[in-house]
Structures are given as structure tokens and as C-alpha cells.
Amino acid sequence: MGPERKSLLNIIILGFGFMFMFTAFQTCGNIEQTVIKSFNSSEFHGSGYTSMSIIYGVFSASNLIAPSVVAVIGPQLSMFFSGLLYSGYIAMFIHPYTWSFYTASVVVGIAAAVLWTAQGNVLAINSSDATIGRNSGIFWALLQFSLFFGNLYIYFAWHGHAHISDKDRQTVFISLTVISLVGSFLFFLIQKPADPVVTPPNASESLAQAESSESSSVSVTLPKGRGSQALDAFLKALKISVTKEMLLLSICIAYTGLELTFYSGVYGTCIGAMTRFGEDAKGLIGLSGIFIGLGEILGGGVFGMLNKCNRFGRNPVVLLGLITHFVAFYLIFLNIASDAPLAPEEGTPLQAYITPSVEVALLCSFLLGLGDSCFNTQLLSIVGFMYREDSAPAFAVFKFVQSIAAALAFFYSNYLLLHWQLLILVLVGFLGTLSFFVAEWVVVSRKPDTDYESI
């Protein structure tokens, strides 16, 4: 097998590993607030929004040390052990207690930082400038199949259920725990690339090749000790975080954190709280997740696999994502009651400005997924393109910014009505898109010999 085919196989295995893990975790995040509302126990007083806020808050702080962890134990083991901690968080819902709920939230926040930093490292070292866009799209499309399979299961399991019983909850979360564990073990199938995809012309890119070795190879191939590697990775992350390009991208990255919170936690809860959708409202949470996944898969496939046909760069794709999201936000504003994010377990009888429509709600789910894939595939592409030789620190900064925004959004989701949440998304999305345009132009102007077809 040639080096390029082996690298492509690694990307596919990486995508399948994340697909299994996040079939479990994203489904868990989508339903946990609804599950908690239905949970009947005087010993439990948790909030799904608060838990996710803790996860992303710890996630953001842990990104400062994540590159050091990946440098010391390697990306493969980093992803495996992080996956085990994700599985532990999901398993906690089988018999939840308040203390275990919030403790697991802290632990999985740390695991998330290491997991995504390692993922960015594996993506970058198995890609060249010519294939980073394609590989980002393949990974993103496979990852988003997780929304399809997990939520399809939820739809059929909860169809017609007005209340989620203890047995329903335990069956779902035992299944999700097993699925998550399968994904963790898949990471052991990722192989060391036989040869670099592109022969680098200078020493700094040779260092990037040294980082592409198998799980614990970073500590073996580099002449420095593990402590020095960890410190170097930390200092590189700090240095990258204040570069002009990363500062410009930070607004757009922050927007992806806000809208991640909205589509993965808030919107499904809103749909499940709409009593005007009938007795199937709880089952519609799963159906909504499926349509989000379909949008994500379509966007990842089209804008990733057809990346080499894009002669105009990344800006048109990001603009399409913004327009798609603005249409979705407007329809949600018209279709979903403003108090839906904060409604009690019995739901809200109110309506917004039109008669609540299941079809419109599911269309908005699809548009949310499509727009999210537009932003994320292009951000993965540009960060991997700019910082391929320092991929782990760069993706740590990416996730640091994104997770701070997500933590903030989950926090205010406990208090803000729907229309205020949508207003925040519109303003930050507009500013983030403008900042992405400027960052793209800066990158291209600094590499005048770069052909957009190779991005």
C-alpha cells in the first residue's frame, strides 16, 4: 500500500472511531436535559445545561496542557484513554447521582481537550497541503454520521413516549456506553504513515514528519526529553494563539462553539418541550438529530470531497454557511415558543408567530447541520493548512476558543429565552464570517504561489 493510500486509510479509521464515540456522546448530549427532567429521584438535582457548561469550561482550560499530553504519550494512546473517559461519562447516566454527574463532567472536559488535540495532530500528519481539505471533509462527514445513527435509535426507542422511564433511560445509556467503547478501541488500527505524503523542503517541516509516528513515537523520535517536549508544545500553543491569523479566526471559531451548543443541546430540548407537536414531541428530539446529521454529512461530503474543484477558496463556503444559519434562525424564531429552552418537564403550551410545524422544525435541523459543516470543514482546513508543522498546539488553540464559547453558551442557556439566544448567534456569526474572510485573504497574500485548488 502506497504512503498516500495508507494516510487516507488512517483518516477513514480516525473518522470511524470518532463516529462510534460520538454516536454515543452527541446522542447523550442531545437527550440529557430531557432525560434529567424526567428523572424521578430526590437524590439527583443536576442540570444538563450546567453539566455541558462545566465540560466545555474545563475543556477550554485543559487545552493549555493537551499538546503536552499528546507530545508525551502520543496521539493514539491519547485518543484511546480519552475515549474511555467519555464512555465513563455516558455510563454514569445508568444510575446517576449529582456528585458523579458533575465529577464526570469535569473529567470528560479534560479528556475532550486531549482527544481533539490528538485528532488534529493525526489529521495533519496524514495530510499534505493538497489533501488537507479533502481529508478534513472525509473526517467531518464520517464524524457526523454519529448524529444519524444515535438519534435514529432514540427516535424509535422513544416514539410515542410522553415520559422517559428509568428502564428507557438505562437501556439507552447501556447501549451508548458499549458503542463508545467500540470507537475507543478502533484507534489502535491507525498505522504509522510509511512515508511522508509530501517531502518537506526545510527542517521545520521535517519536525512535522517526526511527529507523525505511531502512538508513543513523538517522545521517541524527538531528541529532547519528555519534559522539554511538553514545555515546547505548551509554548508553541501560546505563541500560535497570538498570531494575527489565529486572532482573526478566533471570532469565527467562537461562533462554532455557540452554535454547537445550540444545535447539540438547546434546539432538541426546545422541540421536546413543544406540547403543540403532540405526544411524539420527545421522539422528535431523535428525528431532529437525524436531520442535523444529514446536513452535516452532506456538507462534509460536498465541501470536503469536492474541495479540489473549488477555485475560489474557502470564503464562499463559509458565506453559504452563514446564509444557511440565518435562514434557520429566522424560521426557528417564527416556529418555536420563546420559553421552550426553559420549559418544565411537562413542556410549554405557547406558540411563536406561526402555527408550530414539525416539518419546519426538521428543516431547521437540517439547515443547522449544513451550516455547521460549512464553517467547521473550512476552519479545519485553514488551521491545518497554516500550522501543519505545529498541528497539535494549533488545534489545541482552536478547541480552546471553541470550548470557551460553548461553555458560555450552555451557561446562558439556563437563563435566556430563545429569541435572545438567536440574537447572540446572529451577531457573532456575522462578525465571525467577516473575520474569516480577512484571515483567508491574509493567508493567501502571504503565500502568493498558493493555488486555491491545492487548499
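About the thresholds
- Residues numbered from 1 in each chain as written.
- Predicted model: local features only at pLDDT ≥ 70, side-chain atom pairs only at ≥ 80, totals over all residues.
- Heavy atoms only, no water.
- Helix = DSSP H or I, 4+ residues; strand = E, 2+ residues; numbered from the N terminus.
- Buried < 20%, exposed > 50% of the residue type's maximum accessible area, 1.4 Å probe, protein only.
- Contact = heavy atoms within 4.5 Å.
- Areas by Shrake-Rupley, 256 points an atom, 1.4 Å probe, with all protein chains shown as cover.
- Axes fitted to C-alpha atoms, helices over the stretch in contact; angles between N-to-C directions.
- Parallel < 35°, antiparallel > 145°, perpendicular 65-115°, else oblique.
- Nonpolar A, V, L, I, M, F, W, Y, C, P; charged D, E, K, R; others polar.
- Left-handed = near helix turned anticlockwise from the far one by under 90°.
- 1 Å grid on protein atoms, 1.4 Å probe; cavity = no way out; pocket = protein on both sides within 12 Å on 5 of 7 lines; lining within 4 Å.
- Points joined across faces, edges and corners; volume = space filled by probe spheres on them.
- Expected span 1.5 Å × (residues − 1).
- Bend = angle between axes of the 7 residues up to and from the residue.
- Phe/Tyr/Trp six-rings, centres within 6.5 Å; stacked < 30°, edge-to-face > 60°.
- Lys NZ or Arg CZ within 6 Å of the ring centre and 35° of its normal.
- pLDDT = per-residue confidence, 0-100.
- Core = buried A, V, L, I, M, F, W, Y, C linked by side-chain atoms within 4.5 Å.

The subject of this paragraph is the overall build of the protein chain. For the protein chain, the helix and strand inventory stands at 16 helices and zero strands. In the protein chain, which comprises 455 residues, the share counted as buried stands at 60%. Contacts in the protein chain between residues at least 24 apart in sequence constitute 86% of all its contacts with a sequence separation of at least 6. Split by element, the accessible area of the protein chain, about 16900 Å² in all, is 69% carbon and sulfur.

This part is about the packing of helix 4 (residues 75-91) against helix 7 (residues 166-186). Where helix 4 contacts helix 7, the axes come no closer than 9 Å and their chain directions differ by 180°. Considering their axes alone, helix 4 and helix 7 lie roughly antiparallel with respect to each other. Mapping the contact onto sequence places F80, G83, L84, Y86, S87, I90 and A91 in helix 4 and F173, L176, T177, S180, L181, S184 and F185 in helix 7. Looking at side-chain class alone, the contact of helix 4 with helix 7 contains nine nonpolar, five polar and no charged residues.

On to the packing of helix 11 (residues 244-273) against helix 14 (residues 358-386), then. Between helix 11 and helix 14, the least distance of the axes is 10 Å, while the angle of their chain directions is 155°. When the axes of helix 11 and helix 14 are compared, the pair comes out roughly antiparallel. Pair helix 11 / helix 14 crosses with left-handed handedness. Between helix 11, through E245, L249, C252, I253, Y255, T256, E259, F262, Y263, Y267 and I271, and helix 14, the contact on the second element is made entirely by A361, C364, S365, L368, D372, F375, N376, L379, I382, V383 and M386. Taken together, the residues that form the contact of helix 11 with helix 14 break down as 16 nonpolar, three polar and three charged.

Looking now at empty space enclosed by the protein. Across all of its chains, the model carries ten cavities of 30 Å³ or more by this definition. Space inside the largest cavity adds up to approximately 340 Å³. Lining the largest cavity are 24 residues, and of these F22, Q26, Y56, W116 and L260 lie nearest its centre. Those elements giving two or more residues to the lining of the largest cavity turn out to be helix 1 (3-38), helix 2 (48-62), helix 5 (98-125), helix 6 (132-158), helix 11, helix 14 and helix 15 (391-412). Per-element accounting of the lining of the largest cavity gives the leading share, five residues, to helix 11. The residue makeup of the lining of the largest cavity, split by class, is 14 nonpolar, eight polar and two charged.

Now for helix 11. With 30 residues, helix 11 extends 43 Å between its outermost C-alpha atoms, agreeing within 8% with the 44 Å of an ideal straight helix rising 1.5 Å per residue. Taking the largest bend as the criterion, helix 11 deviates by roughly 40°, centred on V266. Counting buried residues along helix 11, 27 of its 30 residues qualify, which places the element largely inside the surrounding structure.

Looking at the element boundaries, E346 is found in the loop between helix 13 (315-335) and helix 14. Looking at E346, the relative accessible area reads 59%, which means it is exposed. Along the sequence, E346 and G272 sit 74 residues apart, while their C-alpha atoms lie 9.6 Å from each other.

One can find W140 in helix 6. Each residue touching W140, except ones within four places of it in the same chain, is listed here: E296, G300, D372, S373, N376, T377 and L380.

Right, let's talk about the packing of aromatic side chains for a bit. In this structure the tally under the stated criterion is 26 aromatic pairs. When the ring of F80 is compared with that of F188, the centres are 4.6 Å apart and the planes differ by 50°; the resulting orientation is tilted. Of this pair, F80 sits in helix 4 while F188 sits in the loop between helix 7 and helix 8 (203-210), and the two are 108 residues apart along the sequence. Here F188 falls in the partly exposed class, since its relative accessible area comes to 38%. Members of the aromatic cluster, joined through ring pairs, are F18, F22, F25, Y86, Y89, F93, F101, Y102, W116, F139, F173 and F187. Sitting over the face of the ring of W116, K399 holds its NZ or CZ atom 4.1 Å from the ring centroid.

Right, let's get into the confidence of the model for the protein chain. Looking at the protein chain as a whole, the pLDDT averages 79, with 83% of positions reaching at least 70. Looking over the protein chain, one finds the lowest element-wise mean pLDDT in helix 8, namely 35, and the highest in helix 13, namely 92. Scored below 50 in pLDDT, residues 197-223 makes 48 contacts in the model with residues more than four places away or belonging to other chains. Counting interchain partners and residues more than four positions distant, the pLDDT-below-50 stretch residues 449-455 has 18 contacts.

Among the nonpolar cores identified, the biggest contains 119 residues, and F18, Y86, Y89 and F173 are the most heavily contacted of them. Once you skip the residues sitting within four places of it in the chain, F18 turns out to touch T23, M79, L115, W116, Q119, F139, L143 and F187.

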